[in-house]
Amino acid sequence: MDNARRALRQDPGTAISFYATGQPGKDWEDLCRGPHLPTTGRIGAFKITSVAGAYWHGDASQQQLQRVYGIAFFSAAELAAHCQRLQAAKERDHRLLGRQLGLFTISPLVGSGLILWLPKGAMIRQELEAFLLQELTRRGYSVVYTPHIGNVNLYKTSGHYPYYKDSQFPTIKMKERDSGDEAEYLLKPMNCPHHIQIYAAEPRSYRDLPIRLAEFGTVYRFEQSGELAGMTRVRGFTQDDAHLFCTPDQVEAELRSTVDMVLHVFRTLGFTEYQCRVSLRAPGSDKYAGEAALWNQAETTLRQVVREMGVPHHEALGEAAFYGPKLDFLVKDVIGRQWQLGTVQLDYVLPERFQLEYIGADNAPHRPVMIHRAPFGSLERFTGILIEHFAGAFPTWLSPVQAIVLSISEKFVDYGRQVVGQLRAAGVRAELDSGDEKIGAKIRRARIQKIPYLLVVGAKEQQAGAVAVRTRQDEDLGAVPLAAFLEKLSAEIRTRA
RNA sequence: GCCGAUGUAGCUCAAUGGUAGAGCAACGGUUUUGUAAACCGUAGGUUGCGGGUUCGAGUCCCGCCAUCGGCUCCA
């Protein structure tokens, strides 16, 4: 009743509802938006899943209540099936697979939320970066590099500093040895101010626009300890970032091409279950910078682009960045938590803050418009989601080890080495399992590592210059001449099939 | 950050307040194998860290750290 009283005090004009199970006023009565089951007899099977604190009205400054989570089904069989699904989902959790497949680790000595990429995980990242670089080149981007720290004044100018003071690592204070001048540096929480300084480094003509500056930029944000999770929520991460500087009438075309790139990336990696969130201002909030007219224009443009491009989308108030509205591409992880991957953000504010200009055809200075975009969002989060998406069985082009040669016995190790040599010479990531176990054990080990192609070599294969090919999907392709296999494999890798 | 749970060998897990153990992995040996685990042996531990209670603590209590599930947050 305590809560009922408080609800009434907070919102005296609003009706509140009670739902009863059993006899109203006699059995259980609940202050609740409803609805309730008419009777608990409808519950065939239930299970308490977890207990956690939850804030009153979802507000961290309010009292915390105990919340008991449970699930209920009409029958015990349905409950068992559900639990089995949860178990299966757990087995593809990127934190588990990350260890089993040797992809990444986190050391408390290095710090919470700081990812250490192991060689195999780093291989995946390199392939992802190579894929993106190829797209960047195709789409007329220029790659730049910027430092990991920046003067606090940079972020004060951009406006980031006051907005996000709480979620930044504390600043580094410096005193110049000779002059005694003091300076304050920040681990960069984002790349845009740095890229803006590259734009501002020289006078720009409308003929040069759009200028598209891209960087795999590593940023640091001090996320709350309770928020950290594997690779999906971390304190240091690398954005596949780019900032486009264009004229107002180039905005729409540039937006379309950035959205197209995000969709192309998703398509290549087989993401079909994504949602595009059109992130808009919260009505009545004063936390946004810039003029209302520009915001309205920006929001209208974003809506129009997703609608015309047929992107599945929904709108969300209050999700915009302080400098502009954005399109966020969301996917769910294996336990149903939603994560933001790619993002495309429209920004009229930062060019203003930094007084950016270009000389127009009229020989007068004009203000450019910025688009921030990152198809993956962060390489850490993206890789984590990717691990779960493929359950560790990456397509061949992404697989850290693409083929493993398994020797039947010691006698064929030399031939196995030759095969590996030829595969590697052709650019295939190949390994040899030359141990003295039986072939069954080697196959088992390779299967657990989810290596796409297992190449068994024994007397028959050696004689024929062949390999006995078994795929990860358990297809037995039999003995294939090495040259023929290599050709097929190379094509598969090249086309990112 | 808040609520709760958990923390034992590289991994997965045992161990009434009474001598810290198993399987896998590692290492050594035997074996030379034809499609998901050959056999024998060896080594491996400040039981997350620090304090306390006790004759005695992996076990009980307190603090910290980390992880997990939520909440809040998320440029």
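Per chain, residues are indexed from 1 in the order of the written sequence. Following the order in which they are written, the chains are lettered starting with A and the ligands numbered starting with 1. In keeping with the model being predicted, local features are shown solely for residues with a pLDDT of at least 70 and side-chain atom pairs are shown and tallied solely at 80 or more, while totals for entire chains, interfaces and linings include all residues. Hydrogens and waters are ignored; side-chain quantities use all the structure's heavy atoms.

1. Some points on empty space enclosed by the protein
Buriedness for pockets is judged along seven lines, at least five of which must meet protein on both sides within 12 Å for an open set on the 1 Å grid over protein atoms alone, while cavities are sets there where a 1.4 Å probe fits but cannot get out, and lining residues have an atom within 4 Å of a point. Grid points are joined across faces, edges and corners, and a volume is the space filled by probe spheres set on the points. Taken as a whole and judged by the stated rule, the model has 2 cavities of 30 Å³ or more. One number sums up the size of the largest cavity: a volume of about 40 Å³. Contributing to the lining of the largest cavity are Asp93, His94, Arg95, Ala229, Thr232, Asp333, Ile335, Arg337, Trp339 and Glu388. Its residues assigned to classes, the lining of the largest cavity shows 3 nonpolar, 2 polar and 5 charged. Here the second largest cavity is characterised by a volume of approximately 30 Å³. In this structure, the second largest cavity is lined by Leu294, Trp295, Ala298, Tyr323, Gly324, Pro325, Leu346, Tyr348 and Val349. In this description a helix means any DSSP run of H or I spanning at least four residues, a strand means any run of E spanning at least two, and both kinds are numbered starting from the N terminus. Counting residues per element, the lining of the second largest cavity draws most heavily on helix α9 (residues 292-309), at 3 residues. Class assignment of the residues belonging to the lining of the second largest cavity gives a composition of 8 nonpolar, 1 polar and no charged. Following the grouping adopted for this structure description, the nonpolar residues are Ala, Val, Leu, Ile, Met, Phe, Trp, Tyr, Cys and Pro, the charged ones are Asp, Glu, Lys and Arg, and the polar ones are all others, Gly among them.

2. Observations regarding the packing of helix α12 (residues 413-425) against helix α15 (residues 482-494)
The N-to-C vectors of α12 and α15 enclose an angle of 35°; their axes lie 11 Å apart at closest approach. In this structure, α12 meets α15 at a crossing whose hand is right-handed. Residues Val419, Gln422 and Leu423 of α12 form the contact with α15, whose own contacting residues are Leu482, Phe485, Leu486 and Leu489. Every angle, taken between N-to-C directions, lies between 0 and 180 degrees, and every axis is a line fitted to C-alpha atoms, over only the stretch in contact when it is a helix. For a crossing to be left-handed, the near helix must be turned anticlockwise from the far one by less than a right angle; the clockwise case is right-handed. Only heavy atoms matter for contacts: two residues are in contact if any of them lie within 4.5 Å across the pair.

3. Describing the protein's contact with RNA strand B
We call a residue near a molecule or strand when any one of its heavy atoms sits within 4 Å of it. Taken together, 53 residues are adjacent to RNA strand B, and Gln64, Ser167, Ser225, Glu227 and Asp436 come closest. Close to the protein, within 4 Å, the atoms of RNA strand B belong to sugar or phosphate groups at a rate of 47%. Any pair of N or O atoms that falls within 3.5 Å is considered a polar contact. Within protein, one atom must be able to donate a hydrogen and the other to accept it, and sequence-neighbouring residues count only if both atoms are side-chain atoms. Between Arg233 and RNA strand B, the recorded distance is 2.9 Å, taken from a side-chain N or O atom to a base oxygen. One nitrogen or oxygen atom from the side chain of Arg337 is found 3.0 Å from a phosphate oxygen belonging to RNA strand B. For the surface near RNA strand B, the secondary structure elements donating two or more residues are β3 (45-55), β4 (64-73), α3 (94-100), α13 (439-448), α14 (459-464) and β23 (466-471). Taken together, the residues that form the surface near RNA strand B break down as 19 nonpolar, 16 polar and 18 charged.

4. Points about the sheet that holds strand β9 (residues 172-175)
Pairing between strands is defined by DSSP: at least two bridges between them are needed. Strand order in the open sheet formed by 3 strands is β8-β10-β9, with antiparallel pairing between adjacent strands. The strands lining the two open edges of the sheet, one partner per strand, are β8 (149-151) and β9. For this sheet, the mean inter-axis angle between neighbouring strands, taken without regard to orientation, is 35°. For β9 and strand β10 (residues 182-187), the ladder comprises 4 bridges, and the chain directions are antiparallel. Of the residues in β10, the one forming a bridge with Lys175 is Glu182.

5. What about the environment of Arg33?
Within the secondary structure, Arg33 sits in the loop between β2 (28-31) and β3. Distance in space between the C-alpha atoms of Arg33 and Tyr69 is 17 Å, their sequence separation being 36 residues. The residues contacting Arg33, other than those within four sequence positions of it, are Ser17 and Tyr19.

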